[in-house]
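As a plain string of letters, each chain reads:
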Amino acid sequence: MGKQFQLDLPRRPRRLRRNKQIRGLCTETELSPQHLIQPLFVVDGEVEDVAVESMPGVVRQGISRCCETARGLIDLGICSVALFPSLDQSLKADNGREALNPESLVLRTVRALKKALPELVIFADIALDPYTTHGHDGLVDRVSGQVVNDATVEILAEMAILHAEAGVDFVAPSDMMDGRIGAIREALDGHGFTETGILAYSAKFASAFYGPFRDAVGSAKGAGAPPLDKGAYQLAPGNRREALMEAALDEAEGADILMVKPAGAYLDIIREIRDTSLLPLAAYQVSGEYAQIHAAAQLGWLDLRAARDESLLAIRRAGADMILSYFAEAYARDYSGI
Ligand code: PBG
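Residue numbers here run from 1 along each chain, matching the order of that chain's written sequence. Under the rules for a predicted model, residues below a pLDDT of 70 receive no local features and side-chain atom pairs below 80 are neither given nor counted, while totals for whole chains, interfaces and linings still include all residues. Each side-chain value is worked out from all heavy atoms of the structure, with water and hydrogens disregarded.

Draft legend 1. Quick look at the side chain of D137. Strands are runs of DSSP state E lasting at least two residues, helices are runs of H or I lasting at least four, and both sets are numbered from the N terminus onward. Residue position: D137 is located in the loop between β5 (121–126) and α4 (149–166). With a relative accessible area of 0%, D137 lands in the buried category. Each polar contact in these results corresponds to two N or O atoms within 3.5 Å; when the atoms are within protein, one needs to be able to donate a hydrogen and the other to accept it, and residues that are neighboring in sequence are counted only if both atoms are side-chain atoms. There is a polar contact of 2.6 Å between the side chain of D137 and the side chain of K230. Any pair of residues with heavy atoms lying within 4.5 Å of one another is described as a contacting pair. Filtering out sequence-adjacent residues up to four positions away, D137 remains in contact with A127, L128, D129, T152, S174, D175, K204, K230, Y233 and Q234. Under the scheme applied here, a residue whose accessible area is under 20% of the maximum for its type counts as buried, over 50% as exposed, and between as partly exposed, the area being computed with a 1.4 Å probe on protein chains only.

See the structure below:
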């Protein structure tokens, strides 16, 4: 045998990938449970958990079960939840008036959670879609069919005050109306809620990936149905500059945390906002992102855990400080080996 073939290479990057230990030293991105926010779906009454068909492992829970779930999350190192009420159809109206009921389901849930677990960080969505019969995030003008901006913002600001009173740490306007961050900040401050934060859904795209969520909160037909068109307020999926402008406006209006949603298909937007703002950045790995990984895993086409972890890590790598994900609990469980 002649001399072994050997390339004359000044650099061999593979030296740093030789074994697990060396790869560990060179790790650039990590995700631990403290970065995760678990979305929770709440229903009224002391009921058994109700499965959400299009989101395997996700349930709708009554208030006391929600408290138990949150306690378990804290034990796993997840200290934050985002609440989404799933309302009985009879409480929905064209104008979503239940959103301003001081005894609404979500407000009762917030009070119960804060009482049981004062250290839990609570985020609550501010938008009308759980409360409206049509499923839009705001008031719909009967004549034009358009979602009306300013009248919607007026209601959202009131809704934010009610949530702050109930004890949420952050209100999370998810409606994409113009000027809502400034109006909500002013309303909160005007009522002395200077410590209540705002997580702004700044770059929320009109996405097909919200389908299973709308199923979960009962805000539209069912999974697989054509998505409700929210294109008159949510961003067009191809628009990058517009997303950056929305983020800049929310920051100027007083947002504490910015958010990009969905996450997986918008990693470039996460990166750009990370590079152009000094605020903490959240990303929402939405229901459809969760459902597609589960569906493929059920068919034996993907490894659930590996695909889950990779999808979450990619969102961190793109620049998200915190991630809302339906995988949060399962990730934390595997992370801590419990
Ligand atoms: C609506 C809202 C949506 C989600 C969170 N808040 C859906 C929508 O805009 O229709 C989606 C979350 C998910 O898909 O997991 N205010």
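Draft legend 2. Examining a nonpolar patch on the surface more closely. Patch membership needs two things, relative accessible area over 30% and no salt bridge, and members are linked within 9 Å if like-charged or within 5 Å if nonpolar (Val, Leu, Ile, Met, Phe, Trp, Tyr). Per-residue accessibility takes into account occlusion by the displayed protein chains alone, with areas from the Shrake-Rupley method and a 1.4 Å probe. Definition used for salt bridges: Asp or Glu carboxyl oxygen within 4 Å of a side-chain nitrogen of Lys or Arg. A contiguous nonpolar patch, built from F5, L7 and L9 and spanning about 350 Å² of accessible area, is present on the exposed surface. Relative to the elements of secondary structure, L9 occurs in the segment before α1 (20–25). Since its relative accessible area comes to 38%, L9 is described here as partly exposed.

Draft legend 3. A look at the packing of aromatic side chains. Stacked, tilted and edge-to-face are the three classes assigned to paired rings of Phe, Tyr and Trp, where Trp is represented by its six-membered ring and a pair needs centres within 6.5 Å; plane angles under 30 degrees give stacked, over 60 edge-to-face, the rest tilted. Taken as a whole and judged by the stated rule, the model has 12 aromatic pairs. Taking the centre distance of 4.8 Å and the plane angle of 10° together, the rings of F123 and F170 count as stacked. Placement of the pair is F123 in strand β5 and F170 in strand β6 (residues 170–173), with a sequence separation of 47 residues. Over the aromatic face of Y210 sits the side chain of K204, whose NZ or CZ is 5.5 Å from the ring centroid. Just above the ring of Y210 sits the side chain of K261; from NZ or CZ to the centre is 4.7 Å. Criterion for a charge above a ring: Lys NZ or Arg CZ within 6 Å of the ring centre, and within 35 degrees of the ring normal.

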